[in-house]
Amino acid sequence: MTELSLKDLTKHYGSVKALEGFTHVFEAGQVHALIGKNGSGKSTFVKMMSGAIQPTNGTIQVGESDVRFTTPRQAQDAGIATVYQELSLVPELSVAENIFLGRLPRKRSGLIDWRKLHRLTEELFEEIGGLEISPSARIAELSVGQQQMIEIVKAMSFRPQVLQLDEPTSALAQAEVQSLFALVRRLRALGVTIIYITHRLAELGMIADTVTAIRDGHFVGSVLIDEASPPIILDMMFGDLPPLERPKTQIERGEPVLSVSHLALAPFFDDVTFDLYPGEVLGIAGMLGSGRTELLHAIFGARKFDGGTLRVHGEIVTTPDIQTMKSLGIGYTSEDRKHSGLVQLLSSHANLCLAGQAKIAPSGWVTKSRERPFVETQIAGLHIKVGDPNLPVASLSGGNQQKIVVGNWMNNAPDILLLDEPARGVDVQAKRQIYELIWEKARAGVSSIVVSTELEDLTECCDRILVLRDGKITEAFMNDALDPKDIYAACMAAPQIVETTA
C-alpha cells in the first residue's frame, strides 16, 4: 500500500493563487474525502495530481518516490489514476475497447486480439468483485451508473496506487450510488489510496475514512470521519455560514404564465397537466427515468411532443420550437453543462452572452464592449470565481461553470426559467447563491420550474412541488415545512392522480 505525500504544493495563475502551500499526507489504503467550496482549489489539485497541469512550487511523493509530471501518462506511470466528473468514454465503442483504448492487445499479424481483449476485461471485472456487464456491450447502451463504473475499471487497468474520483455520484440514482460505493470499498480493500471529491456531504459517513478540506486555495485541516460532524464539515469548508431561509411568498393564483395541458411524449409521459403562476418557483420531483428532463425539453421546444397543448401568457403556442419559446421569454438550463449547457472551447465571457444576444445587441452588431456590462453583472451577482473571463470556460471548476450556465440565461431576461439540476456539482455556498438568484427573480415576477434529483433541494428552494410518476403528475405539495421524506414516498408510491391547476 502506498501513501501520497504533498509538501508546499502551490499553483498560481498570474496573480490568482489557485492553491497555496498545500502540505498533507493521504495515508495508504483509505478513502480520503476532499471537500471545499467551488473555487477552493480542488480542481487544481486534481489536475496537478493527474499531470494535466504542473505546480508552480512544491513536491509530490508517491510512496518513497518524488514525482513530477508534465503529461497525464507520466502520472499514470507513477501510479496515479483519475476519474473525472465528466465521463470521457467513446459511446459507439464497446466496454472492452474503451477500457484498453490506445493499448489494445494485438496478434503477431498486427490485428487486434479480440479474445485476449475480452479475457483481460473479464479478469479486471473479477478482480474488483465482479461486474455484470458484457465486455462487448456498447457504452451507449449502458446507464450512467454503469458508465461511471467502466471509467473506474479503466483507471484500475493502469494498476494505480492512488485513485482520484471527482464527483463520481453527481449523476447517479440511489441504487447506482450504492453499487459504486461497493466498488470503492473493494478497491480500498485491495490497498488503493482513494481521493474522493464530492459536494454531497451526506455521502461522507457512508464511504470516507477521513475528511480533508481546502478553503480559498489553502489546506484547512483533516479529521477522521467519526469526528466529522456536519457543523465541523461546514466550518472547515466555509467558516461562519448563515442559515438559509427561503422567502415566505404568497403566490397569486390568477392568470397562469404557463399552462401545460394533457402533454404526452412517449415513452416518457402521457398525460401531464399543470399551471405555473407569476413569481412561482415550482419543483418537479420524480425518480430517475420518470421523464422530468424530457418534460422540460418538451416545454422548451427541444422535443416535439405527441399530444396536448402549451399556453404561454394565455396564448396557445402553435409551433413550440426552441426559437419560438425563447422569443416568448422562456429560458432553459441543461443538466448536462458539458455537452449542451456550455461551449467548452469558448471563453467564459462568450458563454455568458450566447442566449442574450438579442438583448445585448438589438441591432445585431455585437462587440465585446457591449457585452462586457452583461458579463460583469453575472460574474458579480453569481459570485463566479474567474481570473480572466476571456480564457476558455473549460478552465473553471464545475461549480463556476454551472453558474455561467445560469448567468447566460439571466442575460436574456426570461419571464420563465426551466432549470434542470441547477445545483448539480456545486457546493453549499454556490447552491445558496443560485437559489437566492431564483428567489430574487421570483420577487421581480420571473417564474421558475426546477428539476432536481436531490429532493431536499426542492424543499429548500420551491414554493410548490409536483410529483411525476408513471407518466403523470400524481401528487402536488405546497411547501410549508415540507419533509423531503414525504416527497420520496410519493415518488415511489402507487399513482394517485391529482388536480394541479388550482
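Higher on the page you've got the structure.
Residues numbered from 1 in each chain as written. Predicted model: local features only at pLDDT ≥ 70, side-chain atom pairs only at ≥ 80, totals over all residues. Heavy atoms only, no water.

A short note on the sheet that holds strand β4 (residues 57-62)
Logical step 1: Strand order in the open sheet formed by four strands is β2-β1-β4-β5, and the pairing between neighbours is antiparallel. If you trace the sheet from one side to the other, it starts and ends with β2 (16-26) and β5 (65-67), each paired once. When strand polarity is set aside, the average angle formed by the axes of neighbouring strands in this sheet is 25°.
Logical step 2: Sheet analysis places β4 next to β5, joined by three bridges and oriented antiparallel. (Pairing = 2+ DSSP bridges. Helix = DSSP H or I, 4+ residues; strand = E, 2+ residues; numbered from the N terminus. Axes fitted to C-alpha atoms, helices over the stretch in contact; angles between N-to-C directions.)

Observations concerning unusual backbone geometry
Logical step 1: Cis rather than trans, the peptide bond between A266 and P267 has omega equal to 0°.
Logical step 2: In this fold, P267 is placed in the loop between β11 (258-265) and β12 (269-276).
Logical step 3: The phi dihedral of E167 is positive, around 50°, even though this residue is not glycine.
Logical step 4: Locating E167 in the fold gives a position in the loop between β7 (162-166) and α6 (174-189).
Logical step 5: One non-glycine residue with positive phi stands out, namely H383, at about 55°.
Logical step 6: By the secondary structure assignment, H383 is in the loop between α14 (368-381) and α15 (398-410).

Overview of the side chain of T10
Logical step 1: Within the secondary structure, T10 sits in strand β1 (residues 4-13).
Logical step 2: Polar side-chain contacts of T10 include one of 3.1 Å to the backbone oxygen of D8.
Logical step 3: Setting aside its immediate chain neighbours within four residues, T10 contacts L19, E20, G21, M48, P55, T56 and N57. (Polar contact = N/O pair within 3.5 Å; in protein donor to acceptor, adjacent residues only side chain to side chain. Contact = heavy atoms within 4.5 Å.)

Examining the sheet that holds strand β3 (residues 31-35)
Logical step 1: Strand order in the open sheet formed by six strands is β6-β7-β8-β3-β9-β10, with mixed pairing between adjacent strands. Both edges of this open sheet fall to β6 (80-83) and β10 (218-224), since each of them pairs with a single strand only. Along the sheet, successive strands turn relative to each other by an average axial angle of 20°, direction set aside.
Logical step 2: Pairing analysis gives four bridges linking β6 to β7, with the strands arranged parallel. Bridged to I80 within β7 is V162.
Logical step 3: Here helix α5 (residues 144-156) sits on the sheet in contact with β6 and β7, set at roughly 165° to β6.

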